[in-house]
Amino acid sequence: MSESRTSAEGGMETSYGFREVADGEKQGLVNEVFHKVAKRYDIMNDVMSVGMHRVWKDAMIAALNPRKEPGYKVLDVAGGTGDIAFRIVEASNRQAHATVLDINGSMLAVGAERAAKKKLSDNLTFVEANAEDLPFDPNSFDAYTIAFGIRNVPRIDVALSEAYRVLKRGGRLLVLEFSEVDMPFLDRVYDSWSFNAIPKFGKAITGEAEPYQYLVESIRKFPNQENFADMIRNAGFSRVNFTNYTGGIAALHSGWKL
């Protein structure tokens, strides 16, 4: 498999990192990755981003600026551990209701346990389902968020179309994802860190190196900022833009259902 990024036309459907897999095979392989790392996933996010994922997530919530009123409904996809949903609920002064959807039951179990400890269970619903086939009526949510999860969805175009379907008119899509570094020196440092250090740290922390090798490779296969913005537009969203964080290591994409 080529290490080059996929385009707006697709390619992630059969890309398991740098390896080409059969159509329909990727989802099972990705599920196994997250079953293995669920209990230590947020620790590994710290390792993979050198702690910066917390700053980027806070910036995402600030951009969302959830309304501080009852009835505000957010769908957080691939957010099983609750990291984004907790932030949204707290930023709304515990007025918002967040539905946390994940295809992986192990990740959801971690999130539900954390929610109970934080006394946030009344503001949260945990749903095990596929981002490509959301079990919700059209026009159900004020916002749709997904952080570091869209690149693990085989059919990204289908997931984006589903996001558009379940959002209300005036609803907003926010996607935070690792992206293409746009600084010459930083890209070399980041590549060295990613391919040499992250799998080793993953093995030391979780006992598993292979899942983190996949995660690192999947970042390099994901469409760059402009191409992913095109995918969001193709799903029907308006006023699409993106903001780079830390030289493009991550990017926040935004779109509106108007």
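Thresholds, definitions, all that
Residues numbered from 1 in each chain as written. Predicted model: local features only at pLDDT ≥ 70, side-chain atom pairs only at ≥ 80, totals over all residues. Heavy atoms only, no water. Core = buried A, V, L, I, M, F, W, Y, C linked by side-chain atoms within 4.5 Å. Buried < 20%, exposed > 50% of the residue type's maximum accessible area, 1.4 Å probe, protein only. Helix = DSSP H or I, 4+ residues; strand = E, 2+ residues; numbered from the N terminus. Contact = heavy atoms within 4.5 Å. Axes fitted to C-alpha atoms, helices over the stretch in contact; angles between N-to-C directions. Parallel < 35°, antiparallel > 145°, perpendicular 65-115°, else oblique. Left-handed = near helix turned anticlockwise from the far one by under 90°. Nonpolar A, V, L, I, M, F, W, Y, C, P; charged D, E, K, R; others polar. Salt bridge = Lys/Arg side-chain N within 4 Å of Asp/Glu carboxyl O.

(A) Summary view of the nonpolar core. Counting 37 residues, the largest nonpolar core has Trp56, Phe148 and Leu176 as the members making the most contacts within it. The biggest single contributor to this core is helix 8 (residues 210–221), with five residues. Setting aside chain neighbours within four positions, we find Leu176 in contact with Trp56, Lys57, Met60, Ile146, Ala147, Phe148, Tyr245, Ala250, Ala251 and Leu252. Ranked by size, the runner-up nonpolar core spans 32 residues in total, among them Ala129, Ile156, Phe222 and Phe228.

(B) Looking closely at the packing of helix 7 (residues 184–206) against helix 8. One can describe the packing of helix 7 onto helix 8 by two numbers: an axis separation of 8 Å at closest approach and a directional angle of 155°. Taken together, helix 7 and helix 8 sit at an angle that is classed as roughly antiparallel. Considering how the two elements wind past one another, helix 7 and helix 8 form a crossing that is right-handed. Between helix 7 and helix 8, the residues in contact are Tyr190, Asp191, Ser194, Phe195, Ile198, Pro199, Gly202 and Thr206 and Tyr212, Gln213, Val216, Glu217, Ile219 and Arg220, respectively. Residues of the contact of helix 7 with helix 8, tallied by class, amount to seven nonpolar, four polar and three charged.

(C) Up close: the pattern of salt bridges. Under the definition given, this model contains 14 salt bridges. Measuring nitrogen to oxygen at the nearest pair gives 3.6 Å for the salt bridge that ties Lys117 to Glu113. In this pair, Lys117 and Glu113 are both assigned in helix 5 (residues 105–117), four residues apart and thus about one turn of the helix distant. Judged by relative accessible area, Lys117 falls into the exposed class, the value being 64%. Here Arg233 and Asp230 are joined by a salt bridge, their closest N and O atoms 2.9 Å apart. With a gap of three residues between them, Arg233 and Asp230 both fall in helix 9 (residues 225–234), about one helical turn apart. Of the residues examined, Arg233 reaches a relative accessible area of 37% and is grouped as partly exposed. Through salt bridges with shared partners, a single network forms among Lys57, Asp58, Asp83, Arg87 and Arg114.

Just geometry here; none of it tells us what the structure is for.
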